[in-house]
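Here is what each chain is made of, one letter per residue.
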Amino acid sequence: GDVPWAFAVPDVAGVPPIPRHPVMLYLAICLIVAGVVLMRQPRDKPFRVTGLVLVAEGVIRSTIDTWRDYDPDWLVWTSRGACLVIALVGVAL
């Protein structure tokens, strides 16, 4: 995270802290914007709105995960797989 708003968490192993992106903040902002947009959708087809919410969640989370540091590395693919499943369920609805 070489952005001015990056934060660093001290490591207990004595390694200097590494600046990181505030991924939770990015996710919160994106989900709030998506929520505002989706609240404006007509409510005559509830499954359509639910599907759009799930697609938005899957796409937003998968995109934001680009800046997240996972340890161990296999959690990246687990998270992205879950995002894909969520988005596909949304498309099916």
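Everything here concerns the structure above.
Notes on the structure in this doc start here. Note that the coordinates shown come from a computational prediction; the quantities given were computed from them, not determined experimentally.

Let's talk about the packing of helix H2 (residues 46-64) against helix H3 (residues 74-92)
Argument step 1. Between H2 and H3, the least distance of the axes is 7 Å, while the angle of their chain directions is 160°. One finds that H2 runs roughly antiparallel with respect to H3. Here H2 runs over H3; the crossing is left-handed. Within the contact between the two elements, H2 uses Gly-51, Leu-54, Val-55, Glu-57, Gly-58, Arg-61 and Ser-62 and H3 uses Ser-79, Arg-80, Cys-83, Ile-86, Ala-87, Val-89, Gly-90 and Val-91.
Argument step 2. Here the contact of H2 with H3 is built from residues that sort into 7 nonpolar, 5 polar and 3 charged.

Things to note about a nonpolar patch on the surface
Argument step 1. Nonpolar side chains collect at one region of the surface, where Leu-25, Ile-29, Val-33 and Val-37 lie side by side and expose about 350 Å² of accessible area between them.
Argument step 2. With respect to the helices and strands, the residue Val-33 is situated in helix H1 (residues 23-39).

Notes on the nonpolar core
Argument step 1. Core analysis: the biggest nonpolar cluster contains 6 residues, these being Val-23, Tyr-26, Leu-27, Ala-34, Ile-60 and Ile-64.
Argument step 2. Elements with a minimum of two residues in this core: H1 and H2.
Argument step 3. For this core, the element with the most residues is H1, which contributes 4 residues.
Argument step 4. When residues no more than four places from it in sequence are discounted, the contact partners of Ile-64 are Val-23, Tyr-26, Leu-27 and Cys-30.

Details of the side chain of His-21
Argument step 1. Tracing the chain through its elements places His-21 in the loop between strand E2 (19-20) and H1.
Argument step 2. When its relative accessible area of 16% is taken as the criterion, His-21 is described as buried.
Argument step 3. For His-21, the side chain forms a polar contact with the side chain of Tyr-26, separated by 2.8 Å.

Side note on the pattern of salt bridges
Argument step 1. Scanning all chains against the criterion turns up 2 salt bridges.
Argument step 2. For Asp-65, the salt bridge identified is with Arg-61, shortest N-O distance 3.2 Å.
Argument step 3. Close ionic contact of Arg-68 with Asp-65 constitutes a salt bridge, the shortest N to O distance being 3.7 Å.
Argument step 4. You can call Asp-65 buried: its relative accessible area is 4%.

Thoughts on H1
Argument step 1. Taking 1.5 Å per residue as the helical rise, H1 with its 17 residues ought to reach 24 Å, and the 24 Å between its terminal C-alpha atoms agrees with that figure.
Argument step 2. Residues of H1 that are buried include every one of Val-23, Tyr-26, Leu-27, Ala-34 and Leu-38, and no others. When H1 is viewed along its axis, its buried side chains cluster within an angular range of 95° and face the same direction. With respect to the buried face of H1, the exposed residues turned more than 90 degrees away are Ile-32 and Met-39.
Argument step 3. On the buried face of H1, the contacting elements are H2.

Parameters and conventions
Residue positions within a chain follow its written sequence, with the count starting from 1. The model is predicted, so local features are restricted to residues of pLDDT at least 70 and side-chain atom pairs to those at 80 or more, both for listing and for counting; the totals for chains, interfaces and linings are taken over all residues. In computing side-chain values, all of the structure's heavy atoms are included and hydrogens and water are not. For helices, the fitted line uses only the C-alpha atoms of the stretch in contact; every axis is such a line through C-alpha atoms, and the angle between N-to-C directions lies from 0 to 180 degrees. What counts as a helix is a DSSP run of H or I of at least four residues, what counts as a strand is a run of E of at least two, and both are numbered from the N terminus. Roughly parallel here means an angle under 35 degrees, roughly antiparallel means over 145, roughly perpendicular means 65 to 115, and every remaining angle is called oblique. Definitions for this section: a left-handed crossing has its near helix turned counterclockwise from the far helix by less than a right angle. A right-handed crossing has that turn clockwise. Contact between two residues is taken to exist if any of their heavy atoms lie within 4.5 Å; hydrogens are not considered. By the convention adopted, Pro, Cys, Tyr, Trp, Phe, Met, Ile, Leu, Val and Ala count as nonpolar, Lys, Arg, Asp and Glu as charged, and the other residues, Gly among them, as polar. Patch membership requires over 30% relative accessible area and the absence of a salt bridge. Like charges are linked within 9 Å, and nonpolar side chains (Val, Leu, Ile, Met, Phe, Trp, Tyr) within 5 Å. Reported accessibility uses the Shrake-Rupley method at a 1.4 Å probe radius. Residues are deemed covered only where the shown protein chains occlude them. Salt bridge, as applied in this entry: a Lys or Arg side-chain nitrogen positioned within 4 Å of an Asp or Glu carboxyl oxygen. Remark: nonpolar core denotes a set of buried residues (Ala, Val, Leu, Ile, Met, Phe, Trp, Tyr, Cys) joined through side-chain atoms within 4.5 Å. Only protein chains enter the calculation, and the probe is 1.4 Å; a residue is then buried if its accessible area is under 20% of its type maximum, exposed if over 50%, and partly exposed in between. For this analysis, a polar contact is any N or O atom pair within 3.5 Å, provided that within protein one partner can donate a hydrogen and the other can accept it, and provided that sequence-adjacent residues contribute only side-chain to side-chain pairs. In a helix, the anticipated span is given by 1.5 Å times the number of residues less one. Comment: arc refers to directions from the helix axis out to C-beta atoms.

Geometry only, nothing functional implied.
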